[in-house]
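# Observations on chain architecture
Chain residues, written in single-letter form:
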Amino acid sequence: MEHLLSCEELEKEDIDNLMFLAFKIREALRKGKKKFSALRGQCIVNLFFEASTRTRTSFEKAGKFLSADVINISASTSSVKKGETLIDTVKNLDMMHPDIIVLRHPCEGAGETIKPHIKASIVNAGDGCHEHPSQALLDAMTITDVKGGLEGLNVVIAGDIVHSRVARSDIILFKKLGANLFIFGPSTMVPRYPEALGVTVLKTFEEVAEVADVLIMLRIQLERLNAKKVFPSLREYSRFFGLNRKRLGIMKKNVLIMHPGPINRGVEINNDVITSNRTFIFNQVENGLAMRMAILTMLCNKEKKLQEEMNA
């Protein structure tokens, strides 16, 4: 695995290897081991052109827990503010010999754009409305942890589908793992041709409750709506598409509730659902750290060294 740009590029073997390694890493972390030497001497640059808490912090911690040198760069503190292009920025960084550049950018295909210009491996940490592959991998890890796998599961993704890179990556990856995919949301936020994604559109929450083994709630991405009026109000959105205790009560007893964050509490999901024992939102964060450690390790071809260290 040279880059991680899209879930489309992942083979089943890659997914299985990443999942296996991530579970091993999480086990070691839970035992209190937080420092490994597998990536000593490697350099990782986190280049973020959009705001982030979970993704940026977990990639930073992942690199540091693996003893890599980690450099964080935000667009607001880089020469981009002076007019430098993305390609020039990454070419300058590449001349400083990083091993991995973790890139988040508002434009779709940013990772593919820079790939011909640098030697470093690239991790797509989110490119516009396109993809967010590490999020899909940690989501698959969370579902596997609770359900034992995705084969045959009915996974419903609800909310702002059309603007969600998480939804797109989840759909691509989960289909490779044998899940059945459904989407639910306002008609203005559902793709015009859902059949192209291989998903089934659900029209009511009653249909969601009847089908879902896993329900992934998505945030309304107000920053991508550009003042477009796609629904009357947040209150009305919550009324028709939000998840509250009453709606949770009509779902399957063992349904798994997830959310990639950040959460708009009281809009797509209520406080009393977040604290339910069927909600695994914060487990996703823990799994995200382990999965991103696995991703960095495999991109550097150091999985054998890390496994030897964990088994010692």
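Everything discussed here concerns the structure shown above.
### A word on the sheet that holds strand β9 (residues 256-258)
Here 5 strands make up an open sheet; going across it, the order is β7-β6-β5-β8-β9 and the pairing parallel. In this open sheet, the two strands that pair with only one neighbour each are β7 (200-201) and β9. Judged from the 2 bridges that link them, strand β6 (residues 180-184) and β7 form a sheet pairing that is parallel. Bridge assignment links phenylalanine 182 to a residue of β7, and that residue is threonine 200.

### As for the pattern of salt bridges
Under the counting rule described, the total for this entry stands at 8 salt bridges. A salt bridge links lysine 64 to glutamate 60; its shortest N-O distance comes to 2.9 Å. Of this pair, lysine 64 and glutamate 60 both sit in helix α2 (residues 54-65), 4 residues apart, roughly one helical turn. According to the relative accessible area criterion, lysine 64 is partly exposed, its value standing at 38%. With a closest N to O distance of 3.5 Å, lysine 115 and glutamate 112 form a salt bridge. By relative accessible area, lysine 115 is classed as partly exposed at 30%.

### As for the packing of helix α1 (residues 12-30) against helix α12 (residues 281-299)
Two elements in contact, α1 and α12, have axes separated by 8 Å at closest approach and are oriented at 120 degrees. If you check the angle between α1 and α12, you find them oblique. α12 is crossed by α1, and the crossing has right-handed handedness. For the pair α1 and α12, the contacting residues are Asn17, Leu18, Met19, Leu21, Ala22, Ile25, Arg26, Leu29 and Arg30 in the first and Glu286, Asn287, Leu289, Ala290, Met291, Met293, Ala294, Ile295, Thr297 and Met298 in the second.

### So, empty space enclosed by the protein
All chains considered together, the criterion is met by 1 cavity of 30 Å³ or more. Computed from the structure, the largest cavity encloses a volume of approximately 60 Å³. If you go around the largest cavity, the residues you meet are Cys129, Ile161, Val162, Ser164, Ala167, Arg168, Ile171, Pro191 and Leu197. In terms of residue class, the lining of the largest cavity is built from 7 nonpolar, 1 polar and 1 charged.

### Re the sheet that holds strand β2 (residues 69-74)
Strand order in the open sheet made by the 4 strands is β2-β1-β3-β4, with parallel pairing throughout. Each of the sheet's edge strands pairs with one partner strand only, and the pair in question is β2 and β4 (121-127). Taken pair by pair, the neighbouring strands of this sheet meet at an average axis angle of 15 degrees, ignoring direction. Judged from the 6 bridges that link them, strand β1 (residues 43-48) and β2 form a sheet pairing that is parallel. Paired with phenylalanine 48 across the two strands is serine 74, which belongs to β2. With respect to the sheet, α2 is in contact with β1, β2, β3 (100-105) and β4, its orientation differing from that of β2 by roughly 160 degrees.

### So, the side chain of histidine 259
Note on placement: histidine 259 falls in the loop between β9 and α11 (271-274). Within polar-contact distance, the side chain of histidine 259 engages the backbone nitrogen of glycine 261 at 2.8 Å. Histidine 259 has contacts with Met217, Leu218, Arg219, Glu268, Ile269, Ile281 and Gln284, leaving out every residue within four places of it along the chain.

### With respect to unusual backbone geometry
Omega for the bond connecting glycine 261 with proline 262 falls within 30 degrees of zero, at -5 degrees, which places this linkage in the cis form. In this structure, proline 262 sits in the loop between β9 and α11. The backbone of serine 67 shows a phi angle near 70 degrees, a positive value even though the residue is not glycine. Along the chain, serine 67 falls in the loop between α2 and β2. Assessed through its relative accessible area of 12%, serine 67 is described here as buried.

### Here's the deal with the packing of α1 against helix α13 (residues 303-311)
Pairs of packed helices are described in terms of their axes, by the angle between the two and the distance that separates them. At their nearest, the axes of α1 and α13 sit 11 Å apart, and the two run at 35 degrees to each other. Considering only the axes of α1 and α13, their crossing is left-handed. Here Phe20, Leu21, Lys24, Ile25 and Ala28 of α1 lie close against α13, whose contacting residues are Glu303, Leu306, Gln307, Met310 and Asn311. Residue composition of the contact of α1 with α13, grouped by class: 6 nonpolar, 2 polar and 2 charged.

The rules we used
Residues numbered from 1 in each chain as written. Predicted model: local features only at pLDDT ≥ 70, side-chain atom pairs only at ≥ 80, totals over all residues. Heavy atoms only, no water. Pairing = 2+ DSSP bridges. Helix = DSSP H or I, 4+ residues; strand = E, 2+ residues; numbered from the N terminus. Salt bridge = Lys/Arg side-chain N within 4 Å of Asp/Glu carboxyl O. Buried < 20%, exposed > 50% of the residue type's maximum accessible area, 1.4 Å probe, protein only. Axes fitted to C-alpha atoms, helices over the stretch in contact; angles between N-to-C directions. Parallel < 35°, antiparallel > 145°, perpendicular 65-115°, else oblique. Left-handed = near helix turned anticlockwise from the far one by under 90°. Contact = heavy atoms within 4.5 Å. 1 Å grid on protein atoms, 1.4 Å probe; cavity = no way out; pocket = protein on both sides within 12 Å on 5 of 7 lines; lining within 4 Å. Points joined across faces, edges and corners; volume = space filled by probe spheres on them. Nonpolar A, V, L, I, M, F, W, Y, C, P; charged D, E, K, R; others polar. Polar contact = N/O pair within 3.5 Å; in protein donor to acceptor, adjacent residues only side chain to side chain.

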